[in-house]
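Chain by chain, the residues:
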Amino acid sequence: MTFSPTAVLVTGGAGFIGSNFIHNFIANNPACRVINLDVLTYAGNLSNLKAIEHHHGYRFVKGDICDANLVAKLLTEEKIDAIVHFAAESHVDRSITGPEIFVRTNVLGTQTLLEESRKHWQSGVVPDFRFFQISTDEVYGSLGDTGFFTEETPLAANSPYSASKAGADLLVRAYHETYGLPTLNTRCSNNYGPYHFPEKLIPLMIHNIINRKALPVYGDGRNVRDWLHVRDHAAAVEAVLKRAAPGSVYNIGGNNEWFNIDIVNLVCDLLDGRLGRTDGENRQLISFVKDRPGHDRRYAIDASRLKRDMGWGPAYTFEQGITETIDWYLANQEWVGEVTSGAYREYYSQQYGERP
Ligand code: NAD
Ligand code: TYD
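Residues numbered from 1 in each chain as written. Chains lettered and ligands numbered in written order. Predicted model: local features only at pLDDT ≥ 70, side-chain atom pairs only at ≥ 80, totals over all residues. Heavy atoms only, no water.

Undergrad: Is there a simple way to think about the overall build of the chain in this case?
TA: Each helix and strand counted, the chain has 12 helices and 13 strands in total. Relative to a compact globule of 356 residues, whose C-alpha radius of gyration would be 21 Å, the chain shows 20 Å and is just as compact. Considering only C-alpha atoms, the chain reaches an extent of 65 × 50 × 40 Å along its principal axes. With 356 residues in all, the chain has 56% of them scored as buried. Considering only contacts within the chain whose residues lie at least 6 apart along the sequence, 81% involve residues at least 24 apart. Carbon and sulfur atoms provide 51% of the accessible area of the chain, an area that totals close to 14,500 Å². Side-chain charges of the chain comprise 34 positive and 42 negative groups, with the mean position of each set lying 2 Å from the other. (Helix = DSSP H or I, 4+ residues; strand = E, 2+ residues; numbered from the N terminus. Rg over C-alpha atoms; globule rule 2.2 N^0.38 Å. Buried < 20%, exposed > 50% of the residue type's maximum accessible area, 1.4 Å probe, protein only. Contact = heavy atoms within 4.5 Å. Areas by Shrake-Rupley, 256 points an atom, 1.4 Å probe, with all protein chains shown as cover. Lys, Arg positive; Asp, Glu negative; His and termini not counted. Charge placed at Lys NZ, Arg CZ, Asp CG, Glu CD.)

Undergrad: What is the right way to read the site of ligand 2 from this model?
TA: Near ligand 2 you find 18 residues, and of these E138, P216, R225, R292 and H295 are the closest. N190 is positioned such that a nitrogen or oxygen atom in its side chain is 2.9 Å from an oxygen atom of ligand 2. Here R292 contributes a side-chain N or O atom positioned 2.5 Å from an oxygen atom of ligand 2. A breakdown of the residues in the shell around ligand 2 according to their chemical character gives eight nonpolar, five polar and five charged. (Near = heavy atom within 4 Å. Polar contact = N/O pair within 3.5 Å; in protein donor to acceptor, adjacent residues only side chain to side chain. Nonpolar A, V, L, I, M, F, W, Y, C, P; charged D, E, K, R; others polar.)

Undergrad: Please clarify how the environment of H56 should be interpreted in this entry.
TA: Within the element layout of this structure, H56 appears in the loop between strand 2 (33-38) and strand 3 (58-62). The class of H56 is exposed, set by a relative accessible area of 70%. Expressed as a C-alpha distance, the spacing of H56 and E100, which sit 44 residues apart in the sequence, is 38 Å.

Undergrad: Just checking my understanding: could you explain the sheet that holds strand 3 for this structure?
TA: Either a parallel or an antiparallel arrangement is found when strands of a sheet pair, and the pairing is made through backbone hydrogen bonds. Judged by pairing direction, the sheet is parallel, and its seven strands sit side by side in the order 3-2-1-4-5-6-11 without closing on themselves. Of all strands in the sheet, those bounded by a partner on one side alone are strand 3 and strand 11 (248-252). Strand-to-strand twist across the sheet, computed as the mean angle between neighbouring axes with direction ignored, equals 20°. For strand 1 (residues 7-11) and strand 4 (residues 82-85), the ladder comprises four bridges, and the chain directions are parallel. Counted as the bridge partner of T11 is H85 from strand 4. In this fold helix 4 (residues 100-123) packs onto strand 1, strand 4 and strand 5 (130-136), with an angle of close to 165° to the strand it touches most, strand 5. (Pairing = 2+ DSSP bridges. Axes fitted to C-alpha atoms, helices over the stretch in contact; angles between N-to-C directions.)

Undergrad: Hey, could you run me through helix 6 (residues 201-210) in this one?
TA: Three or four residues apart is the spacing at which side chains of an α-helix point the same way, because the helix has 3.6 residues per turn. Counting buried residues in helix 6 gives eight out of 10 residues, a clear majority hidden from the surface. When we look at burial in helix 6, the residues that qualify are I202, P203, M205, I206, H207, N208, I209 and I210. Of the surrounding secondary structure, the elements contacted by the buried residues of helix 6 are strand 7 (191-192), strand 8 (215-218), helix 8 (260-274), helix 10 (318-331) and helix 11 (333-341).

Undergrad: In this structure, what is going on with helix 5 (residues 160-179)? I would like to understand it.
TA: Its 20 residues place the ends of helix 5 28 Å apart at the C-alpha level, agreeing with the 28 Å of an ideal helix rising 1.5 Å per residue. Among the residues of helix 5, those classed as buried are Y161, S162, S164, K165, A166, A168, D169, V172 and Y175. Positioned one or two residues after helix 5, G180 has a phi angle of 75°, which is positive. (Expected span 1.5 Å × (residues − 1).)

Undergrad: What am I meant to see in the site of ligand 1 here?
TA: In the vicinity of ligand 1 there are 28 residues, among which I17, D38, S90, Y161 and K165 approach most closely. Residue T41 places a main-chain N or O atom 2.9 Å away from an oxygen atom belonging to ligand 1. Contact with the protein chains covers 97% of the free accessible surface of ligand 1, which is 840 Å². Of all the secondary-structure elements, those providing two or more residues to the shell around ligand 1 are helix 1 (16-28), strand 5 and helix 5. In terms of residues, the shell around ligand 1 owes the most to one element, strand 5, which gives three residues. Here the residues of the shell around ligand 1 sort into 13 nonpolar, 12 polar and three charged.

Remember, this is a structural readout, not a statement about activity or role.
Dropping the structure here:
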């Protein structure tokens, strides 16, 4: 069974993963309309979408996923037959200092979208419908030295961020079980690649190395993350959207575990040569700092269900992906400069004529 959407509402499409997804999806599905609903928080950057902003099938709407009237209006007026829901507050450190917005956006925002989806789907305006919740492996909590998260691993979120994502995942499950809403839910490991906001580990390290700033490594640096290129994530999402049975849950991961300190050392070494520095020079910027409270020790994903059902596997090797990512940041210092200075916020008014 294949599902072929004709009008997809992408939420959070101006963020890191959402914008990469839109680029991929429009290229692969030129006949499908894409409506990008994004409120443009600090993490939303329309210049991520410059290359497709005038594409005939693309529309940007500045708005909040918690605004039920707006969501209802868009679903009806655009005859939306799929929501791919990326919008979120996404940074663990920010959730520790300010959890409230995480509950509002990630839990209440998701519930608002689910409720409006339910009404829209039950009204029969569109012949078929999917609500697709993009989630994270962090909902499963933390692993010891061995083992993997499967889709059956109980949810045991430890940070306010992951707790809010787990709450949203359970609401998605509830809307499927209770109302029969055709939902999909994927849980992906850490992404890296172009347009990644430089508060997250890899782009922060690249940015700080270029600017000869300290590289803060939390705790002993031996926490493990399983890294996946964002375009591989985008491809997996597209496969699940079109081919997964309603109600299903899939893990997405690159089978690519790294200690944080090894990633930081690798990025340092790859940048030594590119920046004309001596071997080992960048590693001297590393600074071990106080650990993040509640810091999950290890994430590792078992993505065999996705491989079995969809034949999906990562197209990027890590070596290729990290090299390309570093080169992308070096070639796009203007983008990084606009993000770190805050100038990217002006892009909206330049394009759309008003400053919200
Ligand atoms: P991001 O922070 O880069 O982007 C989030 C986007 O959502 C931004 O454009 C922001 O403006 C928008 N947004 C926030 N609140 C909104 C609201 N109330 N209404 C409308 N738009 C709003 O995040 P990301 O890294 O691209 O992550 C996207 C999704 O993928 C999230 O749901 C996240 O939980 C999930 N995820 C991320 C990773 C990762 O490694 N980054 C891994 C697995 C899953
Ligand atoms: P991050 O990119 O914030 O993703 P997440 O917490 O969602 O996995 O962090 C990845 C890992 O890197 C995590 O173990 C925390 C660590 N980290 C640092 O050591 N230093 C930093 O400055 C940051 C941002 C993260």
